[in-house]
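So the chains spell out like this:
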Amino acid sequence: MERGLYIVPTPIGNLADITQRALETLQHVALIAAEDTRHSRKLLAHYEIETPLCAYHDHVSEQVTEQLLLRMVNGEAVALISDAGTPLVSDPGFRLVRAAQSKDIPVIPLPGPCAAITALSGAGLPTDRFFFEGFLPAKSHPRRKRLESLRHQTGTLIFYEAPHRIRATLADALEIMGPEREAVLARELSKTFETLKRASLSALLAWVDADANQQRGEQVLLIGPAQDQQDTELLERDRKLLFRLGEELPPRKAASIVSDLTGIKARVLYEQLINREKK
Ligand code: SAM
């Protein structure tokens, strides 16, 4: 097998969701670096794969990373897997991929399962543009700030969320994005209790409140793009005016003037200006 670091996606629930190429790769590499070796052993046993395993996550010592790199420098093939889905997507691997690249070790990513893309494909929300946020902060204050910064995104937003926080996140999203914003809760994808529910944020919150089972299991929350034109795309001319004034005046003043001239809410303009300055 060609030397290199193989990034191998594994099933997110249904064990049959693994590609032929992923199985052959796991069979033939010299070593599989796994987020949790005990967890991955079950998958490998199911497919009768006996390749040696070692633990890899983003907090392993430099020494462990160096040993892995050395094996690949010396011509071996190593596979990286996480507990479920695509490694590096809200999972370990980023540091290893960068380290491999810096040593000219080929990195070979295999296509495969990913909860975010699976949820998006079945959600019935716009897919032409989407923004993957992964996990929001666990505490309400930073979570709300993050949601606030995403409020005007013109693509579908995708979040991973822990079951015990889904209610609180829905409540925060409702307050910040408005009760009518369309959203989807995609739960237990590819498993027995798979559920995809599309509704307004307020209806979705009422739904999880009415049935505690909807707060169980693995969850992807998707929120549809901002619809209100004021919230989304400022006309190009207004945007130019805002940014030009922002160079000369404090942001609040610039936003207030453009608001007087255009009727667009000063808060929306102010946020555009601040977000642009942060970039
Ligand atoms: N790397 C994985 C991927 O490619 O999707 C994601 C890993 S992340 C640590 C785990 C989160 O992904 C869960 O908390 C949940 O939000 C989401 N997830 C994973 N499997 C899922 C499933 N079967 N149904 C719904 N969400 C899932």
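The structure under discussion appears in the preceding block.
Residues numbered from 1 in each chain as written. Predicted model: local features only at pLDDT ≥ 70, side-chain atom pairs only at ≥ 80, totals over all residues. Heavy atoms only, no water.

## Brief notes about the sheet that holds strand S4 (residues 77-81)
Right, on to step 1. Taken in spatial order, the five strands line up as S3-S2-S4-S1-S5 in an open sheet, and their pairing is parallel. Of all strands in the sheet, those with a lone pairing partner are strand S3 (53-55) and strand S5 (107-109), marking the two edges. Averaged over all adjacent pairs, the angle separating strand axes in this sheet is 25°, with direction ignored.
Right, on to step 2. Note: strand S2 (residues 31-34) against S3, three bridges, orientation parallel. (Pairing = 2+ DSSP bridges. Helix = DSSP H or I, 4+ residues; strand = E, 2+ residues; numbered from the N terminus. Axes fitted to C-alpha atoms, helices over the stretch in contact; angles between N-to-C directions.)

## Thoughts on the nonpolar core
Right, on to step 1. One finds Phe-159, Leu-170, Met-177, Leu-221 and Ile-223 to be the most contacted residues of the largest nonpolar core, which totals 19 residues.
Right, on to step 2. With five residues, the top contributor of residues to this core is helix H7 (residues 166-177).
Right, on to step 3. Not counting chain neighbours up to four residues away, the residues in contact with Leu-170 comprise Leu-201, Leu-204, Leu-205, Val-208 and Leu-221.
Right, on to step 4. Core analysis: the second largest hydrophobic core is formed by 18 residues, Ile-18, Ala-22, Leu-26 and Ala-77 among them. (Core = buried A, V, L, I, M, F, W, Y, C linked by side-chain atoms within 4.5 Å. Buried < 20%, exposed > 50% of the residue type's maximum accessible area, 1.4 Å probe, protein only. Contact = heavy atoms within 4.5 Å.)

## Structural notes on the site of the ligand
Right, on to step 1. In the neighbourhood of the ligand, 19 residues make up the surrounding shell, with Thr-86, Asp-91, Ala-115, Tyr-160 and Gln-219 lying closest.
Right, on to step 2. Separating a nitrogen atom of the ligand from a backbone N or O atom of Val-89 is a distance of 2.8 Å.
Right, on to step 3. Here Leu-189 contributes a backbone N or O atom positioned 2.9 Å from a nitrogen atom of the ligand.
Right, on to step 4. Protein chains shield 90% of the accessible area of the ligand, which is 570 Å² for the free molecule.
Right, on to step 5. At the level of secondary structure, the elements contributing two or more residues to the shell around the ligand comprise strand S7 (156-161) and strand S10 (219-223). (Near = heavy atom within 4 Å. Polar contact = N/O pair within 3.5 Å; in protein donor to acceptor, adjacent residues only side chain to side chain. Areas by Shrake-Rupley, 256 points an atom, 1.4 Å probe, with all protein chains shown as cover.)

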